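Structural description and commentary
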Amino acid sequence: MVDELKIEQQKIWRILETVADPEVPVLSIIDLGIVRNVEIGASGKLKITITPTYTGCPAMDVINMSIRMVLLENGFKNFEIKNVLSPAWTTEWMSEAGKQKLKAYGIAPPNPKQIVCTTDAFQEEEAIQCPHCNSYNTQLISRFGSTACKALYKCNDCMEPFDYFKCH
Amino acid sequence: MNDPLIDYTLHLADNTLILAQRNSEWCAHGPVLEQDIAITNISLDILGQARNFYQYAAILLGDDATEDTLAFLRDNREFKNCLLVEQENGDWGKTILRQFIFSNYQYLLYEKLQHSKDEQLAAVAAKALKEVTYHLQWSSEWVIRLGDGTDESHQRMMNAIEELWPYVDELFINADYENELLADNIAVDVPSLKNKWIEKITSIFDEATLQIPQNVFAKTGGKQGVHTEKLGYILAEMQFMQRAYPNSVW
Ligand SMILES: [Zn+2]
């Protein structure tokens, strides 16, 4: 019985892996660390707990809907998707595979060691590696990029602009 | 009906909604593309906080309340935002200064609110704190850049200080609903934030060659629902669709 439950849970995780982030479609919601828990209750009811990456992330509504759709497609009817804010999401929850996929997509992944972000003005900038040519000779253009989760950088070697998925 | 927790949650929600609405007026009007994106991103972050607070208030209120009815169907006197956030954008300097004043306050507020005995308010604050850190960093840099910039930009920052300082004190005066929630460690005691707030302002103003004005007559009332005429214009624009076409959806 316990094993069956485990197998069922693993199956659900694999199904959820097919749900892509609408803003960065190479990443699944599992890569991002958005899915926090998959639970099967005694009555067989499935409970999926997810957490937003950013407070104002407009993708969350779409992600909610996509999870609903993929579960229905796979024959699940009795389920609940629960949104929680705590504990707050951090870029540290992004999987290694996810970081590699980001880079291949042309977005610099968050630095592995989270640089503690403080309120101080004009801080020394983090060294961000260019996802195109791997140079560290890059410069910050704007702390706010194409979406709230990214900052805009420029590579001084290959001269290409790129997004950096900023530490959070 | 007058539940202090609901009033407090609405106050937190209204502060963020109205500021987000103001900042979003810059969309496509920013001084340069990168900064246009920055101010609208900040607007989006703050709007996200507003949604979290409204959703919680709607649960507390029950009945048919939703985040949308709270944002779109309440009148002027029901809004509990402080007067600062409803002030007009003015030039870039004034918008920056308002953001700096508010982010500095919000950072200190959320630092405390994340330990509130109310779990949901604590969760919203903890979640938003990193974002507010970026807002404070960004607005601090702009205050320095403009204050210590050209004669023109310095003068404009002085004008902005003169226009906005009357609205500072209200941030640090507890409303009734805040006082009622202090004993249970739900609300943050805002007067206790003021010293740290002044410290930060002073350090940034020193670098920006600006000064905190003295003996300013404080204007208050927003937290109790008594607003400047400006809020009416904001609501007229923001609520138009729901008023003209009730229950319309995207
Ligand atoms: Zn490069």
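Residues numbered from 1 in each chain as written. Chains lettered and ligands numbered in written order. Predicted model: local features only at pLDDT ≥ 70, side-chain atom pairs only at ≥ 80, totals over all residues. Heavy atoms only, no water.

The next subject is the confidence of the model for chain B. Low pLDDT marks stretches whose predicted atomic positions should not be read closely. This prediction gives chain B a mean pLDDT of 96; 100% of its residues lie at or above 70. Model confidence for the complex: the whole-complex pTM is 0.92, and ipTM, which rates the interface, is 0.86. (pLDDT = per-residue confidence, 0-100.)

This paragraph deals with the environment of W142 of chain B. All names here are of chain B. When you line up the elements, W142 lands in helix α6 (residues 119-147). Exposure remark for W142: the relative accessible area of 13% places this residue in the buried category. When the C-alpha positions of W142 and A208 are compared, they lie 9.2 Å apart, and in sequence the two are 66 residues distant. Look past the residues within four positions of W142 in its chain and what remains in contact with it is Q35, W92 and I96. (Helix = DSSP H or I, 4+ residues; strand = E, 2+ residues; numbered from the N terminus. Buried < 20%, exposed > 50% of the residue type's maximum accessible area, 1.4 Å probe, protein only. Contact = heavy atoms within 4.5 Å.)

Our next topic: the interface of chain B and chain A. On the chain A side, the residues contacting the 32 residues of chain B number 31 residues. Here chain B is connected to chain A by two salt bridges. Between R51 of chain B and D61 of chain A there is a salt bridge, and its shortest N-O distance comes to 3.9 Å. Of all the secondary-structure elements, those providing two or more residues to the side of chain B that touches chain A are α2 (33-61), α6 and α9 (194-207) of chain B. Residue contributions to the side of chain B that touches chain A peak at 18 residues, all from α6 of chain B. The residue makeup of the side of chain B that touches chain A, split by class, is 14 nonpolar, nine polar and nine charged. (Salt bridge = Lys/Arg side-chain N within 4 Å of Asp/Glu carboxyl O. Nonpolar A, V, L, I, M, F, W, Y, C, P; charged D, E, K, R; others polar.)

In a beta sheet, neighbouring strands pair by backbone hydrogen bonds and run either parallel or antiparallel. All names here are of chain A. One open sheet holds the three strands; their spatial order is β1-β2-β3, and the pairing between them is mixed. Strands at the two margins of the open sheet, each flanked by one partner only, are β1 (35-40) and β3 (79-83). On average, each strand axis in the sheet is tilted by 15° relative to the strand beside it, whichever way the strands run. Where strand β2 (residues 46-50) lies against β3, five bridges are found, and the strand directions are parallel. (Pairing = 2+ DSSP bridges. Axes fitted to C-alpha atoms, helices over the stretch in contact; angles between N-to-C directions.)

All names here are of chain A. The zinc ion binds to the protein through C130 (SG), C133 (SG), C155 (SG) and C158 (SG); the donor distances cover 2.3 Å. What the four donor atoms of the zinc ion show is an angle range of 105 to 113° at the metal, which sorts the shape as tetrahedral. Counting gaps between the donor residues of the zinc ion yields the pattern C-x2-C-x21-C-x2-C. Taken as a pair, C130 in the loop between β4 (107-108) and β5 (138-142) and C155 in strand β6 (residues 150-155) lie far apart in primary sequence, 25 residues in all. (Donors = N, O, S within 2.8 Å, 3.2 Å for Na, K, Ca; no water. Tetrahedral: all angles 85-135°; square planar, octahedral: opposite > 155°, others 65-115°.)

As a further point, take the sheet that holds β4 of chain A. Read across the sheet, four strands follow the order β4-β7-β6-β5 (chain A) without closing on themselves; strand pairing throughout is mixed. Of all strands in the sheet, those bounded by a partner on one side alone are β4 and β5 of chain A.

Residue and element names in this part refer to chain B. Its 14 residues give α9 an end-to-end C-alpha distance of 20 Å, which sits within 8% of 20 Å, the value for a rise of 1.5 Å per residue. Where α9 is concerned, the buried positions are W197, K200, I201, I204 and F205. Each buried residue of α9 sits inside an arc of 130° when the element is viewed along its axis, so together they form one side. Facing away from the buried surface of α9 by more than 90 degrees, the exposed residues are N195, K196, E199 and D206. Buried-residue contacts for α9 involve α5 (92-113), α6 and α7 (151-164). (Expected span 1.5 Å × (residues − 1). Arc of directions from axis to C-beta.)

The next point concerns the domain arrangement of chain A. Residue and element names in this part refer to chain A. Parsing chain A into structural domains produces domain 1 (2-89) and domain 2 (92-165). With centres defined by C-alpha atoms, the gap from domain 1 to domain 2 works out at 27 Å. Each partner contributes to the interface: domain 1 provides 14 residues, whereas domain 2 provides 14 residues. Both faces combined, the contact of domain 1 with domain 2 buries some 1,200 Å², and carbon together with sulfur accounts for 71% of it. A per-residue breakdown of the area domain 1 buries against domain 2 is headed by V26, D31 and Y54, which together make up 40% of the total. A salt bridge links K101 to D31; the shortest N-O distance between them is 2.6 Å. (Domains from an automatic or database assignment. Buried area = accessible area lost by both parts, 1.4 Å probe.)

Take the state of the cysteines next. Inspection of every chain in the model, using the stated rule, returns zero disulfides over all chains. C57 of chain A supplies the cysteine sulfur nearest to C149 of chain A, a cysteine that is in no disulfide, at a spacing of 6.5 Å. (Disulfide = S-S within 2.5 Å.)

Now for the confidence of the model for chain A. Averaged over every residue, the pLDDT of chain A is 89; the share at 70 or more is 96%. Highest mean pLDDT in chain A belongs to β2 of chain A (95); lowest belongs to helix α1 (residues 2-16) of chain A (88).

Let us look at the side chain of T133 of chain B. Here T133 of chain B is to be found in helix α6. T133 of chain B gets classed as buried once you look at its relative accessible area, which sits at 4%. In contact with T133 of chain B, other than residues within four places in its own chain, are C117, T118 and T119 of chain A together with Y107 of chain B.

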